[in-house]
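Observations on the three-dimensional arrangement
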Amino acid sequence: MDNSHLSAAAPDVNPVLLPLALAAAGSTGADIERLIREARQKARREKRQLTYSDIHAALTAGQAAMPPDLVWRIAVHEAGHALAWTAFDIATVFTVTVGNGSGGYVESEMRQGVVQTQSWLNQMIACALAGQAAEKLIFGEAGVGAGGSERSDLARATKIATDAETNVGFGRAQPLLYRSLEEQPSMLSLDRQLAQHVHDRLEASESMALELLSRHHDALLALATRLAEAKTLDGGEVRALLAQEMNATATGSKKAAP
């Protein structure tokens, strides 16, 4: 659940191949090559040509093996990311997927021409933490999927928060002093005041994510439910579903639970 990704441009995919592209979302080129090679070998053993269905089955094989409760948790996590990117209008979601061997994945493209203020930066952190926040909101606690590697949600959020405090002029202490993390990789370990300021910013951004997801609780659940069912959604469906649910909440047209 640590693979939310911002791409440089929208993918241009033939509609016929779109299901395969969605099934492969989040997988590396080496993973895809291996899976197709195995599918081709299977077809040869059965003395027939490789088919579209063979490739799709190979790309989605790992999804069926995941327990439903794990699929649901990952779907909630990734739905949190997708909702935050969309609601804050920071990025356009292209693909959301679960169960592809990497846990879950959101591929998005950053909006261009945005004025990158401190508010924008804090929303970026909130988006990175929105998966964990969604788990806390729905399950009462988060799993370990938000951390654990340099590519994880927590690592990326910490990097943005540290940049805010050290080198883009938004720090609480000595904001005009530029400090490079590349030159001092252990800065957070050595400077307790800086570490506290970074953590305070992370906590504030997580609270922002929790408030957003709480306000759009129905939209979060609707997106997670659809994602758990389909395993992979393209951005068009994600945006349409969120727009419908958020509009219903805003207009008060949701029926109260009995």
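Note that this is a predicted model, so its numbers are computed, not measured.

1. Re the packing of aromatic side chains
Taken as a whole and judged by the stated rule, the model has zero aromatic pairs. Sitting over the ring of F139, R73 keeps its end group 4.2 Å from the ring centre.

2. Focus on the pattern of salt bridges
In this structure the tally under the stated criterion is 14 salt bridges. Among the ionic pairs, E38 bridges to R34, the shortest N-O distance being 3.5 Å. Note that E38 and R34 are positioned in helix α2 (residues 29–45) at a spacing of four residues, about one turn of the helix. Residue E38 is classed as partly exposed on the basis of its relative accessible area of 39%.

3. Overview of the packing of helix α6 (residues 153–166) against helix α8 (residues 192–215)
Here α6 crosses α8 at 120°, and the two axes come no closer than 9 Å. Judged by the angle between their axes, α6 and α8 are oblique. Judged by the sense of rotation from one axis to the other, the crossing of α6 with α8 is right-handed. Residues A157, T158, A161, T162, A164, E165 and T166 of α6 lie in contact with α8, whose contacting residues are L194, H197, V198, R201 and L202. Residues belonging to the contact of α6 with α8 are distributed by class as follows: six nonpolar, four polar and two charged.

4. A look at the confidence of the model for the protein chain
Confidence in the prediction for the protein chain averages 85 pLDDT; 83% of positions are at 70 or higher. Across residues 6–12, where pLDDT falls below 50, the model places 16 contacts with residues more than four positions away in sequence or in other chains.

5. What to know about the environment of E141
Among the secondary structure elements, E141 is positioned in the loop between α5 (118–139) and α6. According to the relative accessible area criterion, E141 is exposed, its value standing at 53%. Ignoring anything within four residues of it in the chain, the contact list for E141 reads R73, E135 and K136.

Scoring rules and cut-offs
- Residues numbered from 1 in each chain as written.
- Predicted model: local features only at pLDDT ≥ 70, side-chain atom pairs only at ≥ 80, totals over all residues.
- Heavy atoms only, no water.
- Phe/Tyr/Trp six-rings, centres within 6.5 Å; stacked < 30°, edge-to-face > 60°.
- Lys NZ or Arg CZ within 6 Å of the ring centre and 35° of its normal.
- Salt bridge = Lys/Arg side-chain N within 4 Å of Asp/Glu carboxyl O.
- Helix = DSSP H or I, 4+ residues; strand = E, 2+ residues; numbered from the N terminus.
- Buried < 20%, exposed > 50% of the residue type's maximum accessible area, 1.4 Å probe, protein only.
- Axes fitted to C-alpha atoms, helices over the stretch in contact; angles between N-to-C directions.
- Parallel < 35°, antiparallel > 145°, perpendicular 65-115°, else oblique.
- Left-handed = near helix turned anticlockwise from the far one by under 90°.
- Contact = heavy atoms within 4.5 Å.
- Nonpolar A, V, L, I, M, F, W, Y, C, P; charged D, E, K, R; others polar.
- pLDDT = per-residue confidence, 0-100.

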